[in-house]
Amino acid sequence: AQTVTQSQPEMSVQEAETVTLSCTYDTSESDYYLFWYKQPPSRQMILVIRQEAYKQQNATENRFSVNFQKAAKSFSLKISDSQLGDAAMYFCAYRSTFSGTYKYIFGTGTRLKVLA
Amino acid sequence: DGGITQSPKYLFRKEGQNVTLSCEQNLNHDAMYWYRQDPGQGLRLIYYSQIVNDFQKGDIAEGYSVSREKKESFPLTVTSAQKNPTAFYLCASSIKASTGEQFFGPGTRLTVL
């Protein structure tokens, strides 16, 4: 069975600095999707970025980018120029592409604090 | 505006009562999902539905039931058989179960008194 591990329960970053959140996963599949979701205090889950496993190029969305290392099964999120609004829980998620197993598997989350 | 709505935002239930959480989407998505979120844990899948009149159990389906009679609606019933129902419940949808990312509703906080 697939698993997703976020080993950093909490991280802090100074405003305008860069922070990297770690995520590792375990799977025997070769094709899958990976996601980072943000959950601010409102508790609304917001998609930050997605990565298809067959793509070698790392996904980027404005100040958010990933470092996808398929062989190492690592999927870290880098937030550049951190802003106060980035403070939230961040969840890493894995999704299989095999028929009948479309469910997402979420990590336990990393709480990011942004210091002014 | 297209999106997912959940109601109510807060729900209180007495022990032994069944309660139903509402989830509606106007995104024309085929697939819908229910998750439970507890402190210090990630989201855990309760049930999901790939298409109308079809649904499958997730990892923690015991004590819960769902229906999918309409494409836009996927209500979740928390029955008295659920041992520890106090949690935050999130509904999500995706274009199809096989493609696309999931979009989430604002959630319902259920408290058992």
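Residues numbered from 1 in each chain as written. Chains lettered and ligands numbered in written order. Predicted model: local features only at pLDDT ≥ 70, side-chain atom pairs only at ≥ 80, totals over all residues. Heavy atoms only, no water.

1. So, the interface of chain A and chain B
Line of reasoning, step 1. The interface of chain A with chain B comprises 18 residues on the first partner and 21 residues on the second.
Line of reasoning, step 2. For the pair chain A and chain B, the summed buried area comes to about 1800 Å², and 51% of that belongs to carbon and sulfur atoms.
Line of reasoning, step 3. Taken as a group, A:Arg43, A:Tyr102 and A:Lys103 account for 32% of the area that chain A buries against chain B, more than any other trio of residues on that side.
Line of reasoning, step 4. Taken together, chain A and chain B are joined by one salt bridge.
Line of reasoning, step 5. When the shortest N-O distance is used, the salt bridge between B:Glu101 and A:Arg50 registers 2.3 Å.
Line of reasoning, step 6. Inspection of the chain A/chain B interface yields seven residue pairs in polar contact (both at pLDDT 80 or more).
Line of reasoning, step 7. Residue assignment for the side of chain A that touches chain B shows that the elements contributing at least two residues are strand S5 (32-39), strand S6 (46-52), strand S10 (88-96) and strand S11 (104-106) of chain A.
Line of reasoning, step 8. The biggest single contributor to the side of chain A that touches chain B is S5(A), with three residues. (Contact = heavy atoms within 4.5 Å. Buried area = accessible area lost by both parts, 1.4 Å probe. Salt bridge = Lys/Arg side-chain N within 4 Å of Asp/Glu carboxyl O. Polar contact = N/O pair within 3.5 Å; in protein donor to acceptor, adjacent residues only side chain to side chain. Helix = DSSP H or I, 4+ residues; strand = E, 2+ residues; numbered from the N terminus.)

2. Here we look at the nonpolar core
Taken as a class, soluble globular proteins show a tendency for nonpolar side chains to be buried jointly.
Line of reasoning, step 1. Within the largest apolar cluster, 26 residues are counted, with the highest numbers of intra-cluster contacts made by A:Tyr25, A:Trp36, A:Phe75, A:Leu77, A:Tyr90 and A:Leu112.
Line of reasoning, step 2. Contributions of two or more residues to this core are made by strand S3 (19-21), S5, S6, strand S8 (64-69), strand S9 (74-79), S10 and strand S12 (110-115) of chain A.
Line of reasoning, step 3. Discounting residues that sit within four places of it in the chain, A:Phe75 has contacts with A:Cys23, A:Tyr25, A:Leu34, A:Phe35, A:Trp36, A:Gln51, A:Val66, A:Asn67, A:Phe68 and A:Cys92.
Line of reasoning, step 4. Formed by 21 residues, the second largest nonpolar core is a distinct cluster that contains A:Tyr37, A:Tyr102, A:Phe106 and B:Tyr48. (Core = buried A, V, L, I, M, F, W, Y, C linked by side-chain atoms within 4.5 Å. Buried < 20%, exposed > 50% of the residue type's maximum accessible area, 1.4 Å probe, protein only.)

3. A look at a nonpolar patch on the surface
Residues and elements named next belong to chain B.
Line of reasoning, step 1. Side chains of Tyr10, Phe12 and Leu113 sit close together on the surface and give an oily, nonpolar patch of about 390 Å² of accessible area.
Line of reasoning, step 2. Residue position: Leu113 is located in the segment after strand S11 (108-112).
Line of reasoning, step 3. According to the relative accessible area criterion, Leu113 is exposed, its value standing at 60%. (Patch = residues over 30% accessible without salt bridge, like charges linked within 9 Å, V, L, I, M, F, W, Y side chains within 5 Å. Areas by Shrake-Rupley, 256 points an atom, 1.4 Å probe, with all protein chains shown as cover.)

The analysis is restricted to geometry; functional conclusions fall outside its scope.
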